[in-house]
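Analysis of the macromolecular model
Residues per chain are reported as follows:
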Amino acid sequence: QTKIWETSSFNEFQRGELDNVSLTKIGEVMLAPQLEQVLKMEDQDLFVWALAEDSKGNLYAGTGEQGRIFRITPAGDVSLFFDSPEIGIMSLAVDAGDNVYAGSAPDGLIYKITPEGSQTTLFSTGEHYVWALVCDSDNVLYAGTGESGKIFKILPDGTGTLLYDSQQSHVMSLLYDQQGWLYAGTEGKGVTYKVGLDGSVFSLYSAEEEEIHALALDSQGNLYIAAISNQF
């Protein structure tokens, strides 16, 4: 017998297996972006915790469980950029001079690595995790940490001060805008804070989820918040 059926909605297409195509929320099927593998983890490297890009298009990948940073050139060449004594490189940031900053666990250290590969321990947070790093327009570095939910301000010479001590357990994400504000996403009660560089703080949004894992701004200044719940 001949049967005819139609598949047109998101829910109907979602039941199938997508092969090199993307599915929109209104049921459109289109070619997916091309994917290219640039780094394959080996030995005891199990996680890629952080990515950052410099002005020349080099990509840096912070990994664990061996606490290493790999550099991937625009041509796809991969090399070991930094091998730390830490277990994990949890966060990365690149300043205007293409210096790479790496936040670690479990000792909560921040390393500075020059483009030539020279390495120094820039700052010790006294925390266990450096979850987030971001540079402002003056190359001042800000670090979000755990397990006490603090934000540190670190000058280029390595002098660091406590900018904000939140009531949450972890500062998981940081974002800097061109108006001179920091946005901080936390874990504990899932609060997003707006922090002035002078230390003034506003509670911007409190999510139902326990963790604000990522933040992004669009060209119109709208803030997007990615939240994670521990409830399954």
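Described below are features of the structure shown in this document. (Residues numbered from 1 in each chain as written. Predicted model: local features only at pLDDT ≥ 70, side-chain atom pairs only at ≥ 80, totals over all residues. Heavy atoms only, no water.)

1. Notes on the overall build of the protein
Let me state the cut-off plainly: Numbering of helices and strands starts at the N terminus; helices are DSSP runs of H or I of at least 4 residues and strands are runs of E of at least 2. Throughout this description, buried means an accessible area under 20% of the type-specific maximum (1.4 Å probe, protein chains only), exposed means over 50%, and partly exposed covers the range between. Residue contacts follow a heavy-atom distance rule, with two residues in contact if any of their heavy atoms lie within 4.5 Å. Throughout, the Shrake-Rupley method with a 1.4 Å probe supplies accessible areas, and for residues the shown protein chains are the sole cover considered. Charge counting follows a simple rule: Lys and Arg are positive, Asp and Glu are negative, and His as well as the terminal groups are ignored. Here the site of a charge means NZ on Lys, CZ on Arg, CG on Asp, or CD on Glu.
When its secondary structure is counted, the protein shows 1 helix and 20 strands. Principal-axis analysis of the C-alpha atoms places the extent of the protein at approximately 80 × 45 × 35 Å. Of all 232 residues assigned to the protein, the portion counted as buried reaches 42%. Across the protein, every contact between residues at least 6 apart in sequence was considered, and the portion connecting residues at least 24 apart equals 28%. Within the structure as shown, the protein displays about 13500 Å² of accessible surface, and the carbon and sulfur contribution to it stands at 48%. A distance of 3 Å separates the average location of the 12 positive side-chain charges in the protein from that of its 33 negative side-chain charges.

2. Points about the packing of aromatic side chains
As a reminder of what qualifies: The rule is short: rings of Phe, Tyr and Trp, with Trp giving its six-membered ring, pair when the centres are within 6.5 Å, and they are stacked under 30 degrees, edge-to-face over 60, tilted in between.
Per the stated rule, a full pass over the model turns up 7 aromatic pairs. Aromatic side chains phenylalanine 123 and phenylalanine 152 sit 5.7 Å apart centroid to centroid with 55° between the ring planes, which places their arrangement in the tilted category. One end of the pair, phenylalanine 123, is in strand β10 (residues 119–124); the other, phenylalanine 152, is in strand β13 (residues 150–154), and 29 residues separate them in sequence. Neither residue differs from the other here; phenylalanine 123 and phenylalanine 152 are each classed as buried.

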